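Inside the fold
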Amino acid sequence: MMAYIARRILYAIPILIGVNLLTFALFFVVNKPDDMARVHLGVKHVTPQAIEKWKTERGYDKPLVFNSSADGAAQFTDTIFFRKSVSLFVFDFGRSDDGRDIGLDIRERMWPSLAIALPVLLIGLLTNITFALLMAFFRATYIDVWGVVLCVVLMSISGLFYIIGGQYLISKLLHIVPVSGYDTGLQAFKFILLPVVIGVVSGIGAGSRWYRTIFLEEIGKDYVRTARAKGLSELRVLFYHVLKNAMIPILTGVVVVLPLLFMGSLIMESFFGIPGLGSYTIDAINAQDFAVVRAMVFLGSVLYIIGLMLTDISYTLVDPRVRLG
Amino acid sequence: MMLMKRVCLSLLALMCYTLTGCDGRPWNNPYPAGDDRSNILYSSFDQRPKHLDPAQSYVENEYALIAQIYEPPLQYDYLKRPYTLIPLAASAVPKAVYLDKTGKPLPENAAAGDIAYSVYDITIRPGIRYQPHPAFARHADGSPRYLQLTPHELDAVTRLQDFTGRGTRELVAQDYVYQIKRLAHPRLESPIFGLMSEYIVGLKAYAETLRKAQAAQGRDAFLDIAQFPLEGATLMDRYTYRIKVYGKYPQLVYWLAMPFFAPVAQEVDRFYAQRGMAEKNISLDWYPVGTGPYMLTVNNPNRQMVLERNPNYHGETYPAAGMPGDREAGLLADAGKPLPFIDKAVYSLEKESIPYWNKFLQGYYDTSGISSDNFDQAVRVGLQGEAEAGELLLAKGIRLRTSVGADISYMGFNMLDPVVGGAGERARKLRQAISIAIDYEELISIFRNGRALAAQGPIPPGIFGHVDGQDGVNPHVYDWVQGKPQRKSIETARRLLVEAGYPNGRDAQTGKPLLLHFDIAASGPDDKAYLDWLRKQFAKLDLQLDIRNTDFNRFQEKMHKGNAQIFQWGWNADYPDPENFLFMLYGPNAKVGKNGENAANYSNPEFDRLFEQMKSMDNGPERQAIISRMVETVRHDAPWLWGLHRKKFGLSHQWYHNAQPHEMANNTLKYIRIDPVLRSRMRAEWNAPVLWPLIALLALLVISAAPAVVSYVRRERRAAK
């Protein structure tokens with residue numbers, strides 16, 4: 001197992017370099033350092049000297065990837081790409097273009113993201129599995145048919161509609177929770193309740209249909225017939241035997257997203273005023289803050305790689321036949 | 001099972017506690033229970049501020065905060081119109097003393113050409129003290145407590161609040177001089193450095209001196225700029241400093257009302273410059289320190305910013321006089337009372353307009369603008385075409401106030417372009433024809449819900465030089481009919497087009513259709529409809545319009561290189577002087593080659609001559625006459641389609657008092673008074689929780705599940721048999 005993890009970590013290094021290079025290329029194809037300076041300095045009274053000063057202060061005055069005026073290794077190291085990328089590998093994210101420490105902002109903002117994403121994942125998982133098992137249990141009855149119809153309807157509605165509709169109905173008409181905002185501690189509950197409910201409801205359609213398919217496939221297998229023949233109740237058959245054996249595909253979908261929960265939800269955070277990492281990323285893209293964009297992409301890549309590793313490890317836990325070599 | 005039950009009960013209890021607070025207040029109240037009847041103003045910000053350093057900040061949402069904290073020498077009278085400067089920290093509005101090249105004083109009425117320098121002596125009122133701050137904290141022996149922090153001491157600090165010691169000191173003239181020097185600091189990017197270095201004597205060279213000094217000391221070392229003298233900003237005595245500018249620059253006094261010229265204490269700068277502070281996001285750019293009525297006590301740009309009353313505030317009273325009608329409008333009810341009225345202002349992050357609007361209607365924000373989405377819901381148009389608060393707002397006692405912005409949004413012709421540009425008659429008549437064809441009244445009606453005024457020239461209402469009525473109408477585009485301007489007919493435009501050599505939109509010489517190019521950075525949801533509308537306006541003259549929609553960066557690049565042909569641009573006034581608008585048509589201020597704000601690259605020697613004469617004049621009939629000539633010149637040349645001036649609509653609740661739109665002042669929070677008791681009562685009335693739909697939904701779910709349960713039980717029994 002340890003050898004496998006070590007090997008995967010080594011594989012991750014070229015992947016991360018590639019991701020970093022790609023982010024760099026995509027960003028600077030669209031934006032030049034001069035453009036970034038103009039966005040930050042505004043459009044009034046901006047002089048070329050001010051733009052040069054802004055670039056120099058942030059290290060954007062250097063060539064992008066190759067410095068022909070330097071000698072030796074400096075041709076590659078005295079560039080924007082090298083200087084902005086190397087520190088990432090020790091998780092030193094540096095400063096945003098408006099001067100704030102990115103690492104500090106990430107550490108502050110991941111908690112609100114997590115406060116939304118974790119309950120959505122857990123409650124959503126529980127709801128989807130229960131609903132899928134219910135449909136599987138009543139397969140080919142009106143409950144199954146209408147359940148599937150409901151899932152398709154829920155899947156067809158835009159995520160934005162859930163948010164705006166949820167805010168309108170629950171907050172504006174019924175006055176149950178605040179429309180938006182965030183607080184710390186126990187007071188956070190009233191702010192995250194609606195986003196969590198919306199997150200769960202909007203995920204029921206796709207999740208339940210998928211799990212239903214998995215469960216239906218399992219239900220037809222011999223061990224289920226055996227369990228029933230032993231006289232087990234249908235609930236026990238479903239929730240114990242079927243669920244256990246259907247765990248591998250469920251784990252594939254769930255464990256891989258676990259680390260990414262820190263990254264937050266882009267639209268949800270924006271509409272609910274949640275100060276998480278999703279809105280942080282959106283703000284950075286709008287402000288053409290390359291320092292934050294590359295930090296978030298890098299962090300997302302690292303977390304995704306960790307997620308994949310965790311998925312592989314989790315296979316060994318739920319299925320003894322799987323060995324990591 | 002017991003565990004599950006306990007978890008469920010705990011969750012239920014948590015829900016009850018956090019939603020209701022067990023005190024009967026509205027469940028959807030986003031603020032802490034203890035604040036319900038407190039004297040707190042609630043507002044929002046949609047983008048986190050980039051800079052709160054007065055040398056760098058230049059954005060409206062940042063000024064909303066720092067203008068309440070920093071006190072420049074001057075401010076605008078809150079009620080008087082036209083906008084009038086009055087002293088803030090200064091004892092009087094300074095008057096310029098003019099000097100010739102040898103330094104000899106000149107009379108007040110000296111010709112601008114004879115004036116080599118203008119000198120402003122500004123005296124600060126004694127006794128003004130800074131807000132409590134660790135930078136001013138001292139040990140018992142009088143030595144600074146936090147100006148030489150060790151790494152160990154800094155380890156224990158994560159926020160500014162972690163410094164337990166606080167101190168203050170008196171505001172002195174040196175602090176103003178220090179801030180002027182900061183405009184040239186090599187580590188700061190002051191947006192007005194380029195402009196000010198053209199006026200403040202020695203500022204450009206001073207920046208170079210500082211740059212070299214910083215390079216010699218090392219990039220991260222604290223640069224003690226106080227050691228380096230600047231000829232244009234000098235200390236006269238403890239409370240007086242002098243600003244010396246080249247030539248005659250009467251607009252300087254307006255800049256003295258902006259945060260760029262607010263005081264910064266050197267020890268504050270030194271405090272924040274200590275190694276390790278920046279890594280904790282503790283900097284002057286994030287924690288402003290001033291003498292104003294408020295201080296920033298919570299600075300979390302990711303969630304909330306809070307201003308609280310500065311206990312050391314020197315005091316000021318509400319204006320005793322205003323304009324006719326102000327008394328009747330209740331704007332003088334607080335005349336002479338001490339400021340500020342509000343104890344605390346809470347600004348919450350609110351990025352989307354829909355939640356903001358809903359919270360405003362629920363009473364959780366005290367004021368709001370009106371977005372296009374909400375316009376029909378909020379406003380109705382009266383019989384005379386005037387905007388009034390709609391029924392929804394009237395029912396809640398919400399008041400509507402409108403004002404015309406000191407701004408202009410125009411469509412410009414690149415005067416360097418061979419087709420639409422230049423001083424030739426052909427191009428001029430083409431521009432005039434287009435100016436008539438593009439119906440701004442229709443645009444305002446369709447796309448802005450009537451929230452703008454069609455511009456007649458470059459100067460907006462409220463700024464000296466603007467003329468109302470028939471005399472103020474652009475005679476090249478409008479006729480005066482039955483007491484109001486009427487756009488000339490499309491036949492007039494077509495006739496001009498024929499005279500320009502483009503009959504039916506075709507070049508008379510080549511017979512080819514005239515294709516014009518419009519550059520814009522448009523990405524909003526309404527932009528496609530707007531661009532389609534614009535094509536139709538050009539099509540009235542059989543002109544083809546190629547729309548080159550691009551992103552902000554490419555658009556800026558095109559403008560800087562002069563590659564745009566027709567473009568859209570705008571300007572917000574820095575100060576209420578016609579110079580701040582007419583300079584956008586001054587030849588030496590062209591964007592191409594000179595990097596100025598003259599985006600059309602318009603150049604007319606007569607206009608330039610008049611501009612140079614006008615900019616240094618005092619307001620009066622003589623200046624008005626010159627401005628009128630200048631405006632007529634540019635109306636004739638038509639380098640812009642004059643576009644529109646925005647009409648701003650502001651809403652405020654019935655508990656919000658002394659609201660008066662002010663286009664120039666940003667330090668207006670101190671004048672606002674609220675009635676928190678009334679607000680609390682109205683919130684409770686408007687936000688009683690409605691539970692029956694949820695109960696009905698729950699019942700529906702139970703009923704729906706019943707057949708399934710029955711079926712399951714039957715199936716289980718059947719299996720058992």
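Residues numbered from 1 in each chain as written. Chains lettered and ligands numbered in written order. Predicted model: local features only at pLDDT ≥ 70, side-chain atom pairs only at ≥ 80, totals over all residues. Heavy atoms only, no water.

Some remarks on the domain arrangement of chain B
Residue and element names in this part refer to chain B. Threshold: For the domains described, the bounds stem from an automatic or database domain assignment. Only heavy atoms matter for contacts: two residues are in contact if any of them lie within 4.5 Å across the pair. Once two parts are joined, some of their accessible surface, as seen by a 1.4 Å probe, is lost; buried area is that loss totalled over both. Just to be clear on terms, a salt bridge is a Lys or Arg side-chain nitrogen sitting within 4 Å of an Asp or Glu carboxyl oxygen. Polar contacts here mean pairs of N or O atoms no more than 3.5 Å apart (in protein, one a potential hydrogen donor and the other a potential acceptor; neighbouring residues in sequence count only if both atoms are side-chain atoms).
If you check the domain split of chain B, you get domain 1 (69-280) and domain 2 (410-648). Once you take the C-alpha centre of each, domain 1 and domain 2 turn out to be 39 Å apart. The partner domain 2 presents ten residues to the twelve residues of domain 1 that form the contact. Summed over both partners, the interface of domain 1 with domain 2 buries about 970 Å², with 55% contributed by carbon and sulfur atoms. Three residues, Lys 248, Gln 251 and Tyr 254, lead the burial of domain 1 against domain 2; their summed loss comes to 45% of the area buried on that side. Linking domain 1 to domain 2 there are zero salt bridges. Summed over the shared surface of domain 1 and domain 2, the result is three residue pairs in polar contact (both at pLDDT 80 or more).

Side note on the pattern of salt bridges
Definition in use: Note on conventions: DSSP H or I runs of at least 4 residues are helices, E runs of at least 2 residues are strands, and numbering of each starts at the N terminus. Each residue is placed in one exposure class: buried if its accessible area under a 1.4 Å probe, protein chains only, is under 20% of its type's maximum, exposed if it is over 50%, and partly exposed if it falls in between.
As enumerated under the stated definition, the model contains 60 salt bridges over all chains in all. The partner of Glu189(B) in a salt bridge is Arg58(A), with the nearest N and O atoms 2.8 Å apart. Residue Glu189(B) is located in the loop between helix H4 (173-182) and helix H5 (193-196), and its partner Arg58(A) is located in helix H3 (residues 48-58); the two belong to separate chains. The same class applies to Glu189(B) and to Arg58(A), which are both buried. One salt bridge connects Lys670(B) with Glu316(B), and the closest N-O pair in it is separated by 2.8 Å. With Lys670(B) in the loop between strand S26 (656-657) and strand S27 (673-674) and Glu316(B) in strand S11 (residues 316-317), this pair connects stretches of sequence that are 354 residues apart. Accessibility expressed as a relative area gives 2% for Lys670(B), which makes it buried. One network of salt bridges, in which partners are shared, links Lys32(A), Asp35(A), Arg38(A), Arg554(B), Glu557(B) and Lys561(B).

Examining the sheet that holds strand S1 (residues 40-45) of chain B
Residue and element names in this part refer to chain B. Our working rule: For two strands to count as paired, DSSP must find a minimum of two bridges between them. Axis lines are fitted through C-alpha atoms, for helices just across the contact stretch, and the angle between N-to-C directions can take any value from 0 to 180 degrees.
With respect to topology, four strands assemble into an open sheet ordered S1-S13-S10-S9, the strand pairing being mixed. Each edge of the open sheet is held by one strand with a lone partner, namely S1 and strand S9 (294-300). With direction set aside, neighbouring strand axes in the sheet form an average angle of 20 degrees. As defined by bridge partners, S1 adjoins strand S13 (residues 344-349) across six bridges and the pair is classed as parallel. Its bridge partner lying in S13, Tyr 42 is registered against Val 346.

Describing the environment of Thr311(A)
All names here are of chain A. As for its placement among the helices and strands, Thr 311 is situated in helix H15 (residues 290-318). Given the relative accessible area of 4%, Thr 311 is considered buried. Considering only alpha carbons, one finds Thr 311 and Leu 243, 68 residues apart in sequence, at a separation of 18 Å. Polar side-chain contacts of Thr 311 include one of 2.7 Å to the backbone oxygen of Gly 307.

Quick notes on the domain arrangement of chain A
Residues and elements named next belong to chain A. Taken as a whole, chain A is organised into domain 1 (23-89) and domain 2 (108-318). Placing the centre of domain 1 and that of domain 2 at their C-alpha centroids yields a distance of 40 Å. For the pair domain 1 and domain 2, the two sides together bury roughly 1100 Å², of which 70% comes from carbon and sulfur. If you sort the residues of domain 1 by the area they bury against domain 2, Thr 23, Phe 27 and Leu 88 come out on top, with a joint share of 44%.

Brief notes about the packing of aromatic side chains
All names here are of chain A. Heads up, the rule is: Aromatic pairing here means that ring centres of Phe, Tyr or Trp (its six-membered ring) are within 6.5 Å. Orientation follows from the plane angle: under 30 degrees is stacked, over 60 is edge-to-face, and everything else is tilted.
Tallied over the entire structure, the rule returns 45 aromatic pairs over all chains. Arranged with centres 4.7 Å apart and planes meeting at 45 degrees, the rings of Phe 27 and Phe 290 form a pair that is tilted. Residue Phe 27 is located in helix H1 (residues 2-30), and its partner Phe 290 is located in helix H15; the two are separated by 263 residues in the primary sequence. Of the two residues, Phe 27 and Phe 290, both sit in the buried class.

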